[in-house]
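Examination of the molecular architecture
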Amino acid sequence: MKYNMTLTAEEEAILNGSQGETMAKVMKTLVLYGDAFGATKMVPVSSKMGHLVTSFGLKVMKPVYSLMDQLIEGGALSKQKFSVDPKPLDPNVPANFLQKLIFNKFMYSMQDSYDKQLADMGLIDDKSYTCTCYMDEVGNIPEKGEILSWAESSAVVYANSVLGARCNRNSGIIELFGSIVGKVPYFGLLTDEGRKATWIVEVKTTKKPEAQILGSAIGMKVMEDVPFVKGLDKWIGTELDGDTKAYLKDFGAATASNGAVGLYHIENLTPEAVEQGESLVAENAQVYVIDDAELARVQANYPVMWKDKEATPKLCFVGCPHLSHAQLIEWTDNVVEGLKKNGLKKVSIPTVFTAAPGVIEEFEKTPYAAKLKETGVVLSYICPLMYMNNPLCKSMPVITNSNKLRTYTTSRYYRSDEILDIITKEAK
Ligand code: F3S
């Protein structure tokens, strides 16, 4: 096989079958992938744990299941334990009879057998299904400078930007292959050069910008480039505490889904920006100024995909990416307060908050869990995108404060304050 990158003798031996035919194929795929992106060499994956994006047992994904079988039979297991994206199904999430039939009998009929394959391959445990694997309650938290083999876009951008780890925006399965070999091709966001900002974003708003809209605006402008954001520390501070991390989680997921951002730097806040300051900005960087009018313009331009634009929402999702423990508490307080103000006992629109199983477990130990339950809000570990990814949900008027969910489904975006208002007021 011909390739351009430089391999060590050991890597070359793996490629030539020293660890078996299956491992050779996995290595070959990684080398071809690296070559396509101009990688110069392979580097060791140095994080303790991996993370996989493919968590759902969709019936149509037959090639994935046979690939997993071949890997397991060939002894090509992940060298590191891994977490995985959220499950698509939860019996607690509202669904009508037809939806349940379609979900269980047709769409996700491979879920149980795929869960078993994941466990055989190296899944940490059955509580490790979440896109926010970096939450304290989940514990897959890479350290600064560690090299990762992940693909989930919201987790990659968080790990790169907030934690200072190094990971490319890999695709599903490629990330698994990196964890199997324990090496990834060296290019892009793994290199110092690739982590330089080619955009300066100047935040000049008169109030704290909504994380999901600011991220969306930046993502749509810079696409896959790296932005250096100035002026945001005025609103979210210079400490990476729980609130700021949750803000950056939501902001980053929007940059990564509304564009293809894999890394951002926030002046005076994120680790590399604190250490290196403006020397992170590449020469001739472009400038994007964001003020209140720009954010309003961006929100006003989101297309509404509902057939009946005046329809009463049938479902509301909050928690894409999954909510943190503190966000769950804040939302609980806000919903309780909002209902009281409007003289209601329960939310007027069926509402689902989503969070990691470990976060939910901790939340259930607090008095807030009973308060939230009383409001009628359902707490779940699913991925709302997976839930909506079918013809029945496409025609359903769903609302969300997630710009990622809006981008990939027919759900309609509202800011968090608007969502709160809608679900705690009498429905139209
Ligand atoms: Fe997470 Fe699913 Fe949203 S993986 S970021 S909840 S689309």
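Residues numbered from 1 in each chain as written. Predicted model: local features only at pLDDT ≥ 70, side-chain atom pairs only at ≥ 80, totals over all residues. Heavy atoms only, no water.

Sheet architecture is open: four strands sit in the order S7-S6-S5-S8, paired in parallel fashion. Edge positions in the sheet fall to strand S7 (265–266) and strand S8 (281–290), since each of these pairs with one other strand and no more. Here strand S5 (residues 197–203) runs beside S8; their pairing, made up of six bridges, is parallel. The partner of Val 203 across the bridge, within S8, is Ile 290. (Pairing = 2+ DSSP bridges. Helix = DSSP H or I, 4+ residues; strand = E, 2+ residues; numbered from the N terminus.)

We now examine the site of the ligand. Around the ligand sit Asp 85, Pro 86, Cys 131, Glu 152, Ser 154, Cys 320, Pro 321, Cys 383, Pro 384, Leu 385 and Lys 404, and that is every residue in its neighbourhood. Going through the elements one at a time, strand S9 (315–323) and helix H16 (384–388) are the ones with two or more residues in the shell around the ligand. (Near = heavy atom within 4 Å.)

The five strands lie next to each other as S11-S10-S9-S12-S13, forming an open sheet whose pairing is parallel. The open sheet has two edge strands with one neighbour each: strand S11 (378–380) and strand S13 (412–413). The pairing of strand S12 (residues 398–400) with S13 spans two bridges and is classified as parallel. Looking at the pairing, Thr 400 lines up with Tyr 413 of S13. Across the sheet, helix H13 (residues 325–341) is in contact with S9, strand S10 (351–355) and S11; its angle to S9 comes to roughly 155 degrees. (Contact = heavy atoms within 4.5 Å. Axes fitted to C-alpha atoms, helices over the stretch in contact; angles between N-to-C directions.)

The subject of this paragraph is unusual backbone geometry. Residue Pro 321 is bonded to the preceding Cys 320 through a cis peptide linkage, with omega at 5 degrees. The topology assignment puts Pro 321 in strand S9. A positive phi angle, near 55 degrees, is found at Met 223, a position not held by glycine. Here Met 223 shows up in the loop between helix H8 (211–222) and strand S6 (227–230).

A few words now on the nonpolar core. In terms of nonpolar packing, the biggest core is built from 68 residues, with Leu 214, Leu 248, Phe 251 and Phe 353 touching the most fellow members. Setting aside anything within four residues of it in sequence, one finds Phe 251 in contact with Ala 211, Leu 214, Gly 215, Ile 218, Val 229, Tyr 264 and Ile 266. Grouped together as the second largest cluster of nonpolar side chains are 54 residues, Met 61, Leu 176, Val 181 and Met 388 included. (Core = buried A, V, L, I, M, F, W, Y, C linked by side-chain atoms within 4.5 Å. Buried < 20%, exposed > 50% of the residue type's maximum accessible area, 1.4 Å probe, protein only.)

For the rest of this paragraph, the subject is helix H2 (residues 21–36). Its 16 residues give H2 an end-to-end C-alpha distance of 23 Å, which sits within 8% of 22 Å, the value for a rise of 1.5 Å per residue. When H2 is considered as a whole, its buried residues turn out to be Met 23, Ala 24, Val 26, Met 27, Leu 30, Val 31, Tyr 33, Gly 34 and Asp 35. Buried residues along H2 sit in contact with helix H1 (9–15), strand S1 (42–44), helix H3 (62–73), helix H7 (174–181) and strand S4 (183–185). One or two positions beyond H2, positive phi appears at Gly 38, with a value near 75 degrees. (Expected span 1.5 Å × (residues − 1).)

Take the pattern of salt bridges next. Overall, the coordinates contain 19 salt bridges when judged by the stated rule. Of the charged contacts in the structure, one is a salt bridge between Asp 120 and Lys 116, with a shortest N-O distance of 2.9 Å. Of this pair, Asp 120 and Lys 116 both sit in helix H5 (residues 111–121), four residues apart, which is roughly one turn of the helix. Overall, Asp 120 belongs to the partly exposed group, its relative accessible area being 35%. With a shortest N-O distance of 2.8 Å, Lys 404 and Glu 152 are connected by a salt bridge. Residue Lys 404 is found in helix H18 (residues 403–408), and its partner Glu 152 is found in the loop between H5 and helix H6 (153–161); the two are separated by 252 residues along the sequence. Here Lys 404 matches Glu 152 in class, with each residue buried. Among the charged side chains, a salt-bridge network with shared partners connects Lys 48, Glu 143 and Glu 146. (Salt bridge = Lys/Arg side-chain N within 4 Å of Asp/Glu carboxyl O.)

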